[in-house]
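# Topology and contacts: notes
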Number of protein chains: 2
Amino acid sequence: MADKEQIQQAIKEQGEVVRKLKTEKASKEQIDEEVAKLLQLKLQLGGDEGKHVFVLKTPKGTRDYNPKQMAIRDKVFKTIINCFKRHGAETLDTPVFELKETLTGKYGEDSKLIYDLKDQGGELLALRYDLTVPFARFLAMNKITNIKRYHIAKVYRRDNPAMTRGRYREFYQCDFDIAGQYDPMIPDAECLKIVYEILSELELGEFLIKVNDRRILDGMFDVCGVPQEQFRTICSSVDKLDKVSWEEVKNEIVKEKGLTEEVADQIGEYVNIKAGGSDLAEKLLQDPRLSKSKAAVAGLTDIKLLFSYLELFQTTDKVVFDLSLARGLDYYTGVIYEAILTQAGVAPVPAPKDANGSAGDEGPVNVGSVAGGGRYDGLVGMFDPKGRKVPCVGVSIGIERIFSIVEQKAEASAEKVRTTETQVLVASAQKNLLEERLKLTSELWNAGIKVEVLYKRNPKLLSQLQHCEDTGIPLVAILGEQELRDGVVKLRNVANREEVDVSRADLVEEIRKRTSES
Amino acid sequence: MADKEQIQQAIKEQGEVVRKLKTEKASKEQIDEEVAKLLQLKLQLGGDEGKHVFVLKTPKGTRDYNPKQMAIRDKVFKTIINCFKRHGAETLDTPVFELKETLTGKYGEDSKLIYDLKDQGGELLALRYDLTVPFARFLAMNKITNIKRYHIAKVYRRDNPAMTRGRYREFYQCDFDIAGQYDPMIPDAECLKIVYEILSELELGEFLIKVNDRRILDGMFDVCGVPQEQFRTICSSVDKLDKVSWEEVKNEIVKEKGLTEEVADQIGEYVNIKAGGSDLAEKLLQDPRLSKSKAAVAGLTDIKLLFSYLELFQTTDKVVFDLSLARGLDYYTGVIYEAILTQAGVAPVPAPKDANGSAGDEGPVNVGSVAGGGRYDGLVGMFDPKGRKVPCVGVSIGIERIFSIVEQKAEASAEKVRTTETQVLVASAQKNLLEERLKLTSELWNAGIKVEVLYKRNPKLLSQLQHCEDTGIPLVAILGEQELRDGVVKLRNVANREEVDVSRADLVEEIRKRTSES
């Protein structure tokens, strides 16, 4: 109690400090600082006294999903999960946090975006940054060398998000990966087929899947005279080509990364080659310089093979081989790919570019990547005590951006999104029938019918019908003295207002019949 | 590079320190300390050099779900979600972390179990402890006064878990809540009906739902002479009655909480009354002392009303009014309930009791609570700037314990749990048919059939058939030179090995027909 009084006294004094500053028209910074102290003191009180200082918000970069958003989210997930299952994938789940050291050394510069948990004694933990590293940890830990799995879960990045464009600090990833030692490019082609199927089924508009290979990039850098230890950083520069012009990238390569203009120009000759297909791979195999790089030849040969499988999968109309595709992550070792939506006007808010221009960010022209992935044959080995490698290839669907687009489409459409699946409301036009309503409701629940009943003793018929209109319930089962005497229920179709008496014994069957399509 | 060399030099030196200590047979503590420093140095290197020091585990109190566990988990969730939807619930989602202050002052003593995020600049955050407080925050933030929603998500508690009994630091909750100003006990009765339905459908064995009311407990404490400010702490003591004897509870009330033996005995007279139904409520309404407490009378009257609705819902065979049910959480204001499994042998590992004997913990006799909840009419008001109250009642299903039980049942059963839904494997007995296999596979995917194909150029027929046996794929579509010439596919039933030629045009229909039941 003494404590409480002390705090209350401190609050009183701090209140006066704030009032005085306001009277003196002190600077905003100064006032804000003292107000913050005041709020802090009030928080210490807790309980009722503290309640008025609650900041009613979700943490920066996060959001709630309301029921309407959830209905849309579930529909999108269903399409994606169906596709993953159609391709024979199992699913698994991992904890939302990992030992800090599990994540260490996997994300290069982006490691600074990892959310750490506070050290409260015990292990040092961090929220997962993606689903790929936990997957690799799972494989190594359980000595699994063969699996095709999907994983849909939230990941966490302390980024400065542009939420209007579907970018958050907490966001879902939908990953599909194939682990195992197989013949080249078959699983890789399946991953691309999956992206093709999902983007087609979700009807997001025209899209394009760009493909490249880390070994081609490395070989290209090599023959252009980039020192090997700079391959990755030059990769990061090239990765920006979908957002900025070659001149800007060249500038970065020369001014920031210290390569000669000559080397930069040679890189430019390659990355500015127009995207193509198998024919482009064939042409580059004849390139006098590239053909000297073993890595490039291996990559180009695999690209040709990949396209032959994509031909069989009837997906080549939307897949191009693009030498300018680089992708930021360190762990890729072979083929890489990224899907973009090419129809203008999909991203409605052309927000200014982020200051840090981080990967995955898009300018107003490019509507942005909605899926990406590649081959990472070394990651599992990083976790295995003996360094045993498990070759992996996978794809991650950029689901938050897809949610935004589908939400916009739903907003624009006339069709109302239902947030419940209730088939029938049990109602009454007369008073004192609560017990009869509850009894019928329970009968229907027991028969597996989705039923609601208003939680009022004597609700008005109008408000019962209004509830059906508001929430899209298609049927009303109306009870009255007469119906009870006759052993029937008046079944009303909300849309056309038709009413018909149905015997109580036939009611379940009749409701099932009428709602079997919905 | 200089950095790296420095670290490598430091690793070399530290390695020698460790070797020397080992040679000298120094104490384990001393060696461990120097080894830890060595590992730390190696971690700094990252990449390949660091790989062998990874501790391959999930954080304490967490676990991965492998595909088999996921198949079981999804089945249990499906049953629960179906029930929630049958009762007309919408769903929503909230971020995994909240502003720290949102959680402050809601959980009493258990606040120490909250996981805080590290202060990395910006807001102070903590992982959600339950789904109820985020729900109340959501209602206040969006000024929602009426909603029936379910929320299935993970919550986090830095407890010392007994994982063998399905208790973790990261675990799922399945919450169903009804918010809104309604006539008394109707939504409350629906919550109990939901628990009844879910526990029946999951076939977990016999169960019992205990019901009480905070106002009855408060009234009882009042007439027994407990000072009002001690109501909550005495509640906590009474809450332990399902685990320890009345003697131990009495001891705590007298020795630790400082009440007189006389007061304790009076409490004992009430909480040791055998559980009953509506009749017990009626009897207590006649109790000369209890009837003097307005709170107790209000609670008892509502219990009677509740039982009249439960009668209509045909659930009274498993619901009892039990004066010893207290429940730990501070925010309950009215009816409270808890469901327990009463069949022995459900919890297989009778582990010793936790040192702190925290709420929700069970001894070897009691197989433990699998659902609980109650009415909390004041929580939303704690978040509302003007303190506007939104009455709420809800229930939380203790899903982790249910998973454990269902998993054990699956282990014990002969039936194999499938982890994929693949309907057909496209196979070949001959070499050089990869392209034909991929083409057929793609055709079937495009028709919506769930298909797999082995990622090998020339897999053996035996290994293809073995894959079907291993994963439960019921059909094999076999291609050969002859079949290709004839425009047919040999469709094989894996279970009975029957093979039949199906024309390529009819294949999709035939597969659908044969797998329509699965």
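As named in an unreviewed UniProt entry, chain A is histidine--tRNA ligase, taken from Clupea harengus. The UniProt entry for chain A carries the following comment under Catalytic activity (unreviewed entry): "tRNA(His) + L-histidine + ATP = L-histidyl-tRNA(His) + AMP + diphosphate + H(+)". The UniProt entry for chain A carries the following text under Sequence similarities (unreviewed entry): "Belongs to the class-II aminoacyl-tRNA synthetase family."

### Some points on the relation of the copies chain A and chain B
The operation relating chain A to chain B is a screw motion whose rotation component is 180 degrees, with 0.1 Å of axial translation and a residual RMSD of 0.6 Å. The symmetry that links the two subunits is that of a two-fold axis. A share of 100% of the interface residues of chain A reappears at the interface of chain B, consistent with the copies meeting face to face through the same patch.

### Observations concerning the side chain of H151 of chain A
Tracing the chain through its elements places H151 of chain A in strand β4 (residues 147-156). Polar side-chain contacts of H151 of chain A include one of 2.9 Å to the side chain of D93 of chain A.

### A few points about the confidence of the model for chain A
All names here are of chain A. Chain-level statistics for chain A give a pLDDT mean of 89 and a share of 91% at 70 or above. Across residues 48-52, confidence stays below pLDDT 50; counting only partners more than four residues off in sequence or on other chains, it has seven contacts. Under the prediction, the complex receives an ipTM of 0.84, its pTM being 0.85.

### Notes on the interface of chain A and chain B
Each partner contributes to the interface: chain A provides 97 residues, whereas chain B provides 99 residues. When chain A packs against chain B, close to 9100 Å² is buried across both sides, 60% of that on carbon and sulfur atoms. Three residues stand out in chain A for area buried against chain B, namely L56, W445 and Y455 of chain A, and they jointly supply 10% of the buried area on that side. Our count for the contact surface shared by chain A and chain B stands at 14 salt bridges. Close ionic contact of R137 of chain B with D64 of chain A constitutes a salt bridge, the shortest N to O distance being 2.7 Å. Summed over the shared surface of chain A and chain B, the number is 48 residue pairs in polar contact (both at pLDDT 80 or more). No other element matches the seven residues that helix α16 (residues 434-446) of chain A contributes to the side of chain A that touches chain B. Residues of the side of chain A that touches chain B, tallied by class, amount to 43 nonpolar, 21 polar and 33 charged.

### Description of the environment of A189 of chain A
Residue and element names in this part refer to chain A. As for its position among the elements, A189 is in helix α7 (residues 186-201). Expressed as a C-alpha distance, the spacing of A189 and S308, which sit 119 residues apart in the sequence, is 9.3 Å. The residues touching A189, leaving out its near neighbours within four places in the chain, are L306, Y309, L310 and F313.

### What about the packing of aromatic side chains?
What characterises a pair of aromatic rings is the spacing of the ring centres plus the angle enclosed by the ring planes. This structure, assessed with the given rule, holds 28 aromatic pairs over all chains. A ring pair is formed by F313 of chain A and W445 of chain B, whose centres lie 5.5 Å apart and whose planes are at 65 degrees; its orientation type is edge-to-face. In this pair, F313 of chain A sits in the loop between α13 (294-312) and β7 (319-321) while W445 of chain B sits in helix α16 (residues 434-446), so the two residues belong to two different chains. As far as burial versus exposure is concerned, F313 of chain A and W445 of chain B are alike and both buried.

### Side note on the domain arrangement of chain A
Under the domain assignment used here, chain A contains domain 1 (1-45), domain 2 (59-206 + 388-418), domain 3 (207-341) and domain 4 (424-514). One C-alpha centre belongs to domain 3 of chain A, the other to domain 4 of chain A; they are set 65 Å apart.

### Quick look at the sheet that holds strand β1 (residues 90-91) of chain B
Residue and element names in this part refer to chain B. Read across the open sheet, the eight strands follow the order β1-β4-β5-β10-β9-β8-β6-β7; overall the sheet is mixed. With partners counted over all chains shown, the strands left at the sheet margins are β1 and β7 (319-321), one partner each. The pairing of strand β5 (residues 170-179) with strand β10 (residues 392-397) spans six bridges and is antiparallel. Residue pairing across strands places I178 opposite V393, the latter belonging to β10. Relative to the sheet, helix α13 (residues 294-312) contacts β6 (207-213), β7 and β8 (335-341), its axis offset from that of β7 by approximately 165 degrees.

### Points about the state of the cysteines
Following the criterion strictly, the structure yields zero disulfides over all chains and no others. Free cysteine C392 of chain B: the closest other cysteine sulfur is in C191 of chain B, separated by 10 Å.

### Concerning the pairing of strand β14 (residues 488-493) of chain B
Side-chain positions along a regular strand alternate between the two faces of the sheet. Residue and element names in this part refer to chain B. As judged from the four bridges shared by strand β13 (residues 475-479) and β14, these two strands associate in the antiparallel manner. Residue pairing for β14: A477 is matched across the bridge by L491. With five bridges connecting them, β14 and strand β15 (residues 499-503) associate as antiparallel partners. Considered in β15, the bridge of K490 is made with D501. Hairpin remark: β14 followed by β15, antiparallel, with five residues in the connecting loop; positive phi at R497, about 65 degrees.

### What about the side chain of S237 of chain B?
Among the secondary structure elements, S237 of chain B is positioned in helix α9 (residues 231-238). If near-sequence neighbours (up to four positions away) are discounted, S237 of chain B is found in contact with V249, E252, I253 and K257 of chain B.

### Here's the deal with helix α4 (residues 67-86) of chain B
All names here are of chain B. With 20 residues, α4 should cover 28 Å at 1.5 Å per step; its first-to-last C-alpha distance of 28 Å lies within 8% of that length. All of the buried residues in α4 are P67, Q69, M70, I72, R73, V76, F77, T79, I80, C83, F84 and R86. Its side-chain oxygen 3.1 Å from the backbone nitrogen of K68, N66 forms the N-cap of α4. Positive phi appears at G88, one or two residues downstream of α4, with a value of about 80 degrees.

### Quick word on the environment of Q69 of chain A
Residues and elements named next belong to chain A. Within the element layout of this structure, Q69 appears in helix α4 (residues 67-86). A residue is classified by how much of its surface remains accessible, and Q69, at 17% relative accessible area, is buried. Through-space distance from the C-alpha of Q69 to that of A189 is 33 Å; in sequence the pair is 120 residues apart.

### Notes on the sheet that holds β14 of chain B
Strands belonging to one sheet form pairs held by backbone hydrogen bonds; the direction of such a pair is parallel or antiparallel. All names here are of chain B. Reading across from one edge, β12-β11-β13-β14-β15 is the order of the five strands in this open sheet, with mixed pairing throughout. Strands at the two margins of the open sheet, each flanked by one partner only, are β12 (451-453) and β15. Between one strand and the next, the sheet's axes are offset by a mean angle of 30 degrees, whatever the strand orientation. Of the strands in this sheet, β11 (424-428), β12, β13 and β14 touch helix α17 (residues 461-471), which is tilted by about 175 degrees from β11. The strands touched by helix α19 (residues 507-515) within the sheet are β11, β13, β14 and β15, with β14 carrying the most contacts at an inclination of about 10 degrees.

### Section: the packing of helix α9 (residues 231-238) of chain A against helix α10 (residues 246-256) of chain A
Residue and element names in this part refer to chain A. For the pair α9 and α10, the least separation of the axes is 9 Å and the interaxial angle reads 155 degrees. Judged by the angle between their axes, α9 and α10 are roughly antiparallel. Viewed along their axes, α9 and α10 form a crossing whose handedness is right-handed. Seen from α9, the contacting residues are I234, S237 and V238; seen from α10, they are V249, E252 and I253. Per-class residue counts for the contact of α9 with α10 are four nonpolar, one polar and one charged.

### Let's talk about the packing of α10 of chain A against helix α11 (residues 261-271) of chain A
All names here are of chain A. Across the interface, α10 lies against α11 with an axial gap of 9 Å and an inter-helix angle of 145 degrees. Seen along the crossing, α10 lies across α11 with a hand that is right-handed. Residues W246, K250, I253 and V254 of α10 form the contact with α11, whose participating residues are E261, A264, D265, I267, G268 and V271.

### Digging into helix α15 (residues 399-412) of chain B
Residue and element names in this part refer to chain B. Over its 14 residues, α15 runs 20 Å from end to end, which matches the ideal 20 Å to within 8%, given 1.5 Å per residue. Burial in α15 covers these residues: I399, E400, R401, I402, F403, S404, I405, V406 and A410. Contacts made by the buried residues of α15 are with α4, β5, α7 (186-201), β8, β9 (369-375) and β10.

### Some points on the pairing of β10 of chain B
All names here are of chain B. By the criterion of burial, β10 is predominantly enclosed, with six of the six residues buried. Bridge analysis of β9 against β10 gives five bridges, and the strand direction is antiparallel. Residue pairing in the sheet places G373 in a bridge with V395 of β10.

### As for unusual backbone geometry
A positive phi is found at N432 of chain A, a non-glycine position, where the angle reads about 60 degrees. Along the chain, the position of N432 of chain A falls in the loop between β11 (424-428) and α16. Given a relative accessible area of 60%, N432 of chain A falls into the exposed group. Although it is not a glycine, K143 of chain B adopts a positive phi angle of roughly 50 degrees.

How each quantity is defined
Residues numbered from 1 in each chain as written. Chains lettered and ligands numbered in written order. Predicted model: local features only at pLDDT ≥ 70, side-chain atom pairs only at ≥ 80, totals over all residues. Heavy atoms only, no water. UniProt positions renumbered as here; feature names shortened; annotations may be inferred. Least-squares fit on C-alpha atoms with pLDDT ≥ 70 in both. Contact = heavy atoms within 4.5 Å. Helix = DSSP H or I, 4+ residues; strand = E, 2+ residues; numbered from the N terminus. Polar contact = N/O pair within 3.5 Å; in protein donor to acceptor, adjacent residues only side chain to side chain. pLDDT = per-residue confidence, 0-100. Buried area = accessible area lost by both parts, 1.4 Å probe. Salt bridge = Lys/Arg side-chain N within 4 Å of Asp/Glu carboxyl O. Nonpolar A, V, L, I, M, F, W, Y, C, P; charged D, E, K, R; others polar. Phe/Tyr/Trp six-rings, centres within 6.5 Å; stacked < 30°, edge-to-face > 60°. Buried < 20%, exposed > 50% of the residue type's maximum accessible area, 1.4 Å probe, protein only. Domains from an automatic or database assignment. Pairing = 2+ DSSP bridges. Axes fitted to C-alpha atoms, helices over the stretch in contact; angles between N-to-C directions. Disulfide = S-S within 2.5 Å. Expected span 1.5 Å × (residues − 1). Parallel < 35°, antiparallel > 145°, perpendicular 65-115°, else oblique. Left-handed = near helix turned anticlockwise from the far one by under 90°.

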